Amino acid sequence: MKDLKDTLYINSNSCIKCNRCVEVCPAHIMKQTPNGISIGSANDCIKCGHCVAACPTGAFEHSSFPAGKVHKIDYSTYPSAEQLETLINSRRSNRAFSKEDIPLDLLKKILEAAHRAPTASNMQQVEFTLVTNKETLHQISAYTLNIFSKLEKKLTNPFLKPILKRIIPGVYRYVPKFKTMREEFEKGNDLILRGATAVIFIHTPKENRFGRDDANIAYQNGSLMAQALGISQFYTGFVCTAIRQDKKDGLAKILGINGTIHAGMALGLPKFKFPNYIDKKELVVKMLL
Ligand SMILES: Cc1cc2nc3c(=O)[nH]c(=O)nc-3n(C[C@H](O)[C@H](O)[C@H](O)COP(=O)(O)O)c2cc1C
């Protein structure tokens, strides 16, 4: 929520009137005037910190971003575009996990990377729940399969089937899979979390209209960091589907999450690294140049 007590101040001794803060402010709070830059209503500020980050002389002061929160960027430490390309090309959903636990400091790096992602209106309401407890991981898969059982009953109900098959035909290809997943789970083979040793759930308050968008952008930041750290991950789509089917918010209750879970990342140390990357389908792009 907006903190109305925020103060924005430009030190006229060090301001060089370069106009950068005016140009970058998404809320158009600053204006260039003949007497220098004037600051409008701080109530419109979304606390993105662009004014402070773009100022070349440190003249812009913002109460939300005191000196300790402002860091010089060393562009010479950037990965090259080729290095980034290699990372992106080699990121896979590797589900062959070792049983070894992921060091907590590496999981924290993934969380920090995800937390850095942009959010609509800079709301920054994305929160994370990290699960490494073995029983809870088991409970997550059991929960998912339980919801799928209920879904299966609905889908195969002789009265509902003719209607549902017309509305959601694609869902029916999962019906035999639900049964297989359940049977395998009973035998100790978890096809939901695939032996992941950690899961990160990404959630926002229920009222956040961009929660799902924000969470999924956060996910991608986190997944690339995981790849860079040599940690495997995959998107827990089955779990998220179960969450969306469940009107009672069962998983949020199990995990003590107050809000809506939008995304989940199953993680583990890889048993092996993929030696190859493969091409995706051809890039489809319409160029209106
Ligand atoms: C929205 C979404 C849901 C997914 N759900 C699952 C899932 O439940 N289980 C799983 O093993 N992989 C899941 N995946 C991973 C995809 O299967 C995977 O991204 C795809 O096969 C391409 O492989 P790659 O990620 O290695 O490039 C999901 C991916 C996305 C984007």
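Residues numbered from 1 in each chain as written. Predicted model: local features only at pLDDT ≥ 70, side-chain atom pairs only at ≥ 80, totals over all residues.

(A) How the structure looks around the overall build of the chain. What the chain contains, in helices and strands, is 10 helices and 8 strands. Rg of the C-alpha trace for the chain: 24 Å, well past the compact-globule value of 19 Å for 289 residues, more than 25% over. The principal-axis extent of the C-alpha atoms belonging to the chain is close to 75 × 45 × 45 Å. Counting only residues that meet the buried cut, the chain has 25% of its 289 residues in that class. Across the chain, the fraction of contacts at a sequence separation of at least 24, relative to all contacts at a separation of at least 6, is 76%. (Helix = DSSP H or I, 4+ residues; strand = E, 2+ residues; numbered from the N terminus. Rg over C-alpha atoms; globule rule 2.2 N^0.38 Å. Buried ≥ 20, exposed ≤ 12 C-beta atoms within 10 Å, placed from the backbone. Contact = placed C-beta atoms within 7 Å.)

(B) Structural detail: the nonpolar core. Core analysis: the biggest nonpolar cluster contains 40 residues, and I140, A196, A198, V199, I200, I202 and L267 have the highest contact counts within it. Listing elements by their share of this core, those giving two or more residues are α4 (104-115), β5 (127-131), α5 (134-156), β6 (198-204), α8 (211-228), α9 (237-245) and β8 (260-268). A total of 6 residues in this core trace back to one element, the largest contributor, which is α5. Those residues within four positions of V199 in sequence are excluded, and the remaining contacts are V131, L137, I140, L193, T236, G264, M265, A266 and L267. (Core = buried A, V, L, I, M, F, W, Y, C linked by C-beta atoms within 7 Å.)

(C) A look at the site of the ligand. Close to the ligand lie R92, S93, R95, F234, Y235, T236, G237 and F238. Every element with two or more residues in the shell around the ligand is listed here: β7 (232-235) and α9. (Near = placed C-beta within 6 Å.)

(D) Up close: the sheet that holds β7. Here 4 strands make up an open sheet; going across it, the order is β5-β6-β8-β7 and the pairing antiparallel. Looking along the sheet, the strands with just one partner apiece sit at the ends: β5 and β7. Neighbour-to-neighbour, the strand axes of the sheet open up by a mean angle of 25 degrees, direction not taken into account. Relative to β6, β5 is paired through 5 bridges, and the arrangement is antiparallel. The residue of β6 that forms the bridge with F128 is I202. (Pairing = 2+ DSSP bridges. Axes fitted to C-alpha atoms, helices over the stretch in contact; angles between N-to-C directions.)

(E) Expanded view of the packing of α5 against α9. The contact between α5 and α9 brings their axes to 9 Å, and the two run at 55 degrees. Classified by the interaxial angle, the pair formed by α5 and α9 is oblique. Note that α5 runs across α9; the crossing there is left-handed. For the pair α5 and α9, contact is made by I140, Y143, T144, I147, F148 and L151 and by F238, V239, A242 and Q245, respectively. Grouping the amino acids of the contact of α5 with α9 by side-chain chemistry returns 8 nonpolar, 2 polar and no charged. (Parallel < 35°, antiparallel > 145°, perpendicular 65-115°, else oblique. Left-handed = near helix turned anticlockwise from the far one by under 90°. Nonpolar A, V, L, I, M, F, W, Y, C, P; charged D, E, K, R; others polar.)

(F) Representation of α5 in the model. A rise of 1.5 Å per residue sets the reference length of α5, with its 23 residues, at 33 Å; its end C-alpha atoms lie 33 Å apart and thus fit the reference within 8%. The set of residues buried in α5 consists of L137, I140, S141, Y143, T144, L145, I147 and F148. Where α5 is buried, its residues touch β5, α7 (175-186), β6, α9 and α10 (250-255). (Expected span 1.5 Å × (residues − 1).)

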